[in-house]
Amino acid sequence: MNVIPMAPEHLDALAALERACFPRPWSREALAEELENPTACFLVAAEGDRVLGYGGMHCAAGECYVDNIAVDPACRRQGVGTALVTALREAARARGGEFLSLEVRPSNTGAVALYTGLGFQSVGRRKNFYTQPVEDALLLTLGLKEEEALC
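What you see is a predicted model, and the numbers here were worked out from it, not measured in a lab.

J.: I'd love a proper account of the pattern of salt bridges, names of residues and values included.
T.: Per the stated rule, a full pass over the model turns up seven salt bridges. Ionic pairing is found between Glu135 and Arg105, a salt bridge with its closest N-O pair at 3.0 Å. Taken together, the residues span a long stretch of sequence, with Glu135 in strand β7 (residues 135-143) and Arg105 in the loop between β5 (99-104) and α4 (109-117) at a distance of 30 residues. Each member of the pair, Glu135 as well as Arg105, is classed as buried. Via salt bridges that share partners, Arg89, Glu90 and Arg93 belong to a single interconnected network.

As structure tokens, this is what we get:
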């Protein structure tokens, strides 16, 4: 598996992955817009031509925010999510990020375990953040200073 920058040839597969993973998926057009966004960093986990997953974030003023992590349901629990989050963490550091934040559904226990296992800490809750179904979001943050690095 390789983690590589998102490119135009990935857009169809990523839009399909969005539809498979989320009740309110990003469109192909929304993903394409991120290719031109200087604050965006979207990465794809792939084996050859097969897309296994992707992750995207935006960085500005020292803050990096993970928009999405999506892994093909057939590829979960095989290290794809870990590889994507790790690559985003390193990209955030390279962009001068001081911390990396994200929201996750508390009911998404696999994702919560992934993030906390990589050192993210719960710093709050966003009431009724999600719809379909309505659910709070856990707000998780990871410090990116070298002394806080996991490796």
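J.: So what about helix α1 (residues 11-21)? Which residues, and what values?
T.: All buried positions along α1 are accounted for by Leu11, Leu14, Ala15, Leu17, Glu18 and Cys21. Viewed end-on, α1 has its buried residues packed into an arc of 160°, placing them on one side of the element. Structural note: α1 exposes Asp12, Arg19 and Ala20 on the side pointing more than 90 degrees away from its buried face. Each element contacted by the buried residues of α1 is listed here: α2 (28-34), β2 (40-47), β3 (50-60) and β4 (63-71).

J.: Tell me what's going on with the environment of Glu63, and back it up with residues and numbers.
T.: As for its placement among the helices and strands, Glu63 is situated in strand β4. With sequence-adjacent residues up to four places away left out, Glu63 is seen in contact with His58 and Phe99.

J.: Go over unusual backbone geometry with me, naming the residues and quoting the values.
T.: A cis amide bond links Gln132 with the next residue in sequence, Pro133, at an omega value of 0°. Positionally, Pro133 belongs in the loop between β6 (121-130) and β7. Unusually for a residue other than glycine, Ala61 sits at a positive phi of about 50°. Summarising the element assignment, Ala61 is placed in the loop between β3 and β4. According to the relative accessible area criterion, Ala61 is exposed, its value standing at 86%. The backbone phi angle of Arg77 is positive, close to 65°, even though this residue is not glycine. If you trace the backbone, Arg77 turns up in the loop between β4 and α3 (80-94).

J.: A description of the sheet that holds β3 should follow, citing residues and the corresponding values.
T.: Read across the sheet, seven strands follow the order β1-β2-β3-β4-β5-β7-β6 without closing on themselves; strand pairing throughout is mixed. Since the sheet does not close on itself, it has two edges, and those belong to β1 (2-5) and β6, each with one partner. Across the sheet, the mean angle separating the axes of adjacent strands is 25° when strand polarity is ignored. Across three bridges, the pairing between β4 and β5 is parallel. The partner of Cys64 across the bridge, within β5, is Leu100. Across the sheet, α1 lies against β2, β3 and β4, angled at about 90° from β3, the strand it touches most. Along the sheet face, α3 touches β1, β2, β3, β4, β5 and β7 and points at about 30° away from the line of β3.

Parameters at a glance
- Residues numbered from 1 in each chain as written.
- Predicted model: local features only at pLDDT ≥ 70, side-chain atom pairs only at ≥ 80, totals over all residues.
- Heavy atoms only, no water.
- Salt bridge = Lys/Arg side-chain N within 4 Å of Asp/Glu carboxyl O.
- Helix = DSSP H or I, 4+ residues; strand = E, 2+ residues; numbered from the N terminus.
- Buried < 20%, exposed > 50% of the residue type's maximum accessible area, 1.4 Å probe, protein only.
- Arc of directions from axis to C-beta.
- Contact = heavy atoms within 4.5 Å.
- Pairing = 2+ DSSP bridges.
- Axes fitted to C-alpha atoms, helices over the stretch in contact; angles between N-to-C directions.

Purely spatial values, then, with no claim about function.
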